[in-house]
Amino acid sequence: MIASCRKGGAFLISDSKPEECFAPEDFDAEARMIGQAAEDFVREELLTQIDRIEKAEEGLMKSLDRKMGELGFTAAEVPAVYNGLDLPKPTIALIVEKLGPEPATCLTLQAHAGLAILPLVMEGNDAQKRNYLPKLASGEWCGSFCLSEPGSGSDALGMKTRAVPAPDGKGYIVKGEKMWVTNAGFADLFTVFARMDDRISAFLIERSFPGVTLGREEEKIGLHGSSTRRVAFEDVHVPAENLLGEAGKAHYAALNTLNLGRYKMAASGLGTGKYALELGVQYALQRHQFGKPIADFGLVKQKVAQMTARLFALESMLYRIGGDMNAAFHEVHHSDVTQPSATLLYRKAASEFAAENALVKFFGTEVQHFCADESMQIHGGYGYTEDFPIAKIFRESRVPRIYEGTNEINRINVTQGLIRRMSELGLDAAISVSQASWPTGVMEMALDAASRLKAVCLSVLKEAWREYGEDLKEQRQEVAAAIADLACYALALESVALRLPKLQEKDAGEMAALIFAREAIFAAHERTDFACQAMGLRPAFFDPPNIDSIAIGRALADKSLARGGYPF
C-alpha cells in the first residue's frame, strides 16, 4: 500500500506526485480478488432476485447480510484479534463500490459493517470487543446505529433520549426514541446514543433487553429492501459493562463513525453511478430511432461522456483519499488494539481527513444522482416505468444526499474544517492566481488547472476567514458552501491528473481529464463569482483552456459505448 504523510486539508497547499497517491491501478491481487467476490455476489445473487428484494421479503435481507458475513464483507473493519480482516481503507471502499448496483443491500452492509461496528472498534474496551465483535464480524449478529431522532436530524447531538444511573447502582436506564434506524427490523445489537448529565454517552443495547420495541417499516420512496424503523427504548435497563467508552464522550464515536461512513457513501455512489452508466449505454445501443441506434446521436454521446468523466473524477479522488486515510491509520494497525491507549489513536486517525470525507460524500452522491438522472433520460419514457432497472436506481439515488449529514451540512463541515486548520497548515498565506498560458500536455494542463483552482479556493477562504472568522457557518452558509465546492473541484482535478500515468487506457483517461477539467473550471468560475459578490469583492480567476469539447466528448463516449459501460 502506498504510504503518505499528508495531513487533512494539506492538498490545498502542497503538490503531490503520482507515486504518492493511491489509485485503483495500485490494487494488489488480493484486493482485486476481494473486489471480484463482491461483484460476483451482486451479479449472481442480488440482481437475479431484485423482485424479492424490492418486496422486502421476510427474512431475505437478513439472510443476505449473513451471506456477506460468510464472504468476509462484514469483517472488513474489524481487527484481526477479534476475528476480523482489518482491510486497508481502499479495499473496504472497493467492496462497497462493487455492491453499489444494489443500493439496498449495500446500505445494509454499510450500516452493519461500518456504522454499527466502528463505534465498538474505536471506543470499546477489550471485554466488549471480545463479546460482540466476533459475532458481528461473522454475520451471526447484525448491528444497527441509533443516533437520529424525530426532532434531531442534522443536529444529531441535540437528542432527547436520556440515560440515568439505575436505582440499584448496577447499570443505566435508557429512555427515548430513535428514527431512521437502518437494519432495525433484524438487528441483534443497537449502538444507542443518549444524553446523560447533559453530555452524550453511548450504550450497547441488545435487541432482547426488556423495553426495546420496534415501529413499523417506513414506507420509503426507494431502498425498499433495506429495513428502516423507529426504535423505542422504554426504561431499558443496560448493564454497566455495556456503557460504550467513557461516559459523556460519545461524541467522538458518533462524529468519527460518520466521518468514515461518508467516505463509504461516496464509494457506494461510485458503484451505483457506474451501474447507471452501464444501463444507459446498453439501452442506447439497443434502442433504434430514425433508422439507427440512439447511441449514434450527439446529445446521447454527450450524456455518456459527462457521466464517464465525472465517475472518473470521483473514482480518482475516492481512492486517493482512501490511501491517505490508510496511512493515517498506520499507527493504529501497528498497535495493540486490545489496550485502552488504542482509543486515542483511533480518534486521531478517524478525524484526520474529516474535511475530505465530507467533501467526497457530497460530490460522490451528486455524481451518483447525476448518472441516474442522465441514464433515465437516455431511456426516455421507458425509464419512467418499473419495467426497466434504471427506475429503481433513480429512486434510490435521491436519499444519499440526505442521510449521514445532508450535502448542505457536509459543505459547511468542509469549510469549517479548513478554517480550523488554517494556522496549522498555513492556509492563510498570501495567494496569487496564475494567468500564464496553459501547458500543452494533458497531465500538465490538468495539474496547472488544479493548482489555479487551489489558489482561487484559498483566496476566497482567506477573505471569508477575514470577514466572518469561525462564524462563517452561521453568517454566510452560502459562502461556506461555495468554498467547499472550490476545494472539491481542486482535489478532484488534481487526483485525475495524478492518476493518468498509471492508466492502461491512457487516451480515454486524457479525454476524461479534459472533459472534467472544462466542467470543473466553469463551475468553479460560477462559485467564485458568487462567493466574492457576497463579500463585496472582485473575483480573481483565469480563462479556461481552449479544447474541442464536442470532439473529445464524442471520442470518450465511444470508449464507454464500446466497453458497454465504464471504460476504466
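Residues numbered from 1 in each chain as written. Predicted model: local features only at pLDDT ≥ 70, side-chain atom pairs only at ≥ 80, totals over all residues. Heavy atoms only, no water.

**With respect to the state of the cysteines**
- Evaluation of the coordinates by the stated rule reveals zero disulfides.
- Of all cysteine sulfurs, the one in C142 lies closest to C106, which takes part in no disulfide; the gap is 14 Å.
- For C146, which is in no disulfide, the shortest distance to another cysteine sulfur is to C142 and amounts to 11 Å. (Disulfide = S-S within 2.5 Å.)

**Let's talk about the layout of surface pockets**
- A volume near 780 Å³ is recorded for the second largest pocket.
- Residue assignment for the lining of the second largest pocket shows that the elements contributing at least two residues are helix 1 (29–46), helix 4 (89–99), helix 7 (250–286) and helix 8 (298–328).
- Of the residues assigned to the lining of the second largest pocket, the class counts are 10 nonpolar, seven polar and 12 charged. (1 Å grid on protein atoms, 1.4 Å probe; cavity = no way out; pocket = protein on both sides within 12 Å on 5 of 7 lines; lining within 4 Å. Points joined across faces, edges and corners; volume = space filled by probe spheres on them. Helix = DSSP H or I, 4+ residues; strand = E, 2+ residues; numbered from the N terminus. Nonpolar A, V, L, I, M, F, W, Y, C, P; charged D, E, K, R; others polar.)

**Some words on the nonpolar core**
- Within the largest apolar cluster, 171 residues are counted, with the highest numbers of intra-cluster contacts made by I95, F193, M317, L318, Y319, L359 and F363.
- Sort the elements by how many residues they give to this core and helix 7 lands first, with 16 residues.
- Not counting residues up to four positions away in its chain, the partners in contact with L318 are A93, Y263, A266, A267, L270 and V360.
- By size, the runner-up hydrophobic cluster in this structure holds 20 residues, among which are A163, A184, V212 and L243. (Core = buried A, V, L, I, M, F, W, Y, C linked by side-chain atoms within 4.5 Å. Buried < 20%, exposed > 50% of the residue type's maximum accessible area, 1.4 Å probe, protein only. Contact = heavy atoms within 4.5 Å.)

**Structural notes on the pairing of strand 1 (residues 143–146)**
- Burial along strand 1 is two-sided: G143 and F145 and S144 and C146, pointing in opposite directions, are all buried.
- The pairing of strand 1 with strand 4 (residues 189–196) spans four bridges and is parallel. Across the sheet, residue G143 finds its bridge partner in strand 4, namely L189. (Pairing = 2+ DSSP bridges.)

**With respect to the packing of aromatic side chains**
- For the coordinates displayed, the defined rule picks out 15 aromatic pairs.
- Pairing F290 with F297 gives two aromatic rings, centres 6.4 Å apart and planes at 90°, and the pair type is edge-to-face.
- Residue classification places F290 among the exposed residues on the basis of a relative accessible area of 78%.
- Each member of the aromatic cluster is reached from another via a ring pair, and the members are F22, F27 and Y319. (Phe/Tyr/Trp six-rings, centres within 6.5 Å; stacked < 30°, edge-to-face > 60°.)

**Regarding the environment of K502**
- Looking at the element boundaries, K502 is found in the loop between helix 17 (477–499) and helix 18 (506–534).
- Within the local environment of K502, its side chain forms a polar contact with the backbone oxygen of P18, the two atoms lying 3.0 Å apart. (Polar contact = N/O pair within 3.5 Å; in protein donor to acceptor, adjacent residues only side chain to side chain.)

**Quick notes on unusual backbone geometry**
- Located in the positive-phi region is D197, a residue other than glycine, with phi close to 60°.
- Relative to the helices and strands, D197 resides in the loop between strand 4 and strand 5 (199–206).
- The exposed category is assigned to D197, whose relative accessible area is 68%.
- Of note in the backbone geometry, F290 takes a positive phi value of approximately 55° without being a glycine.

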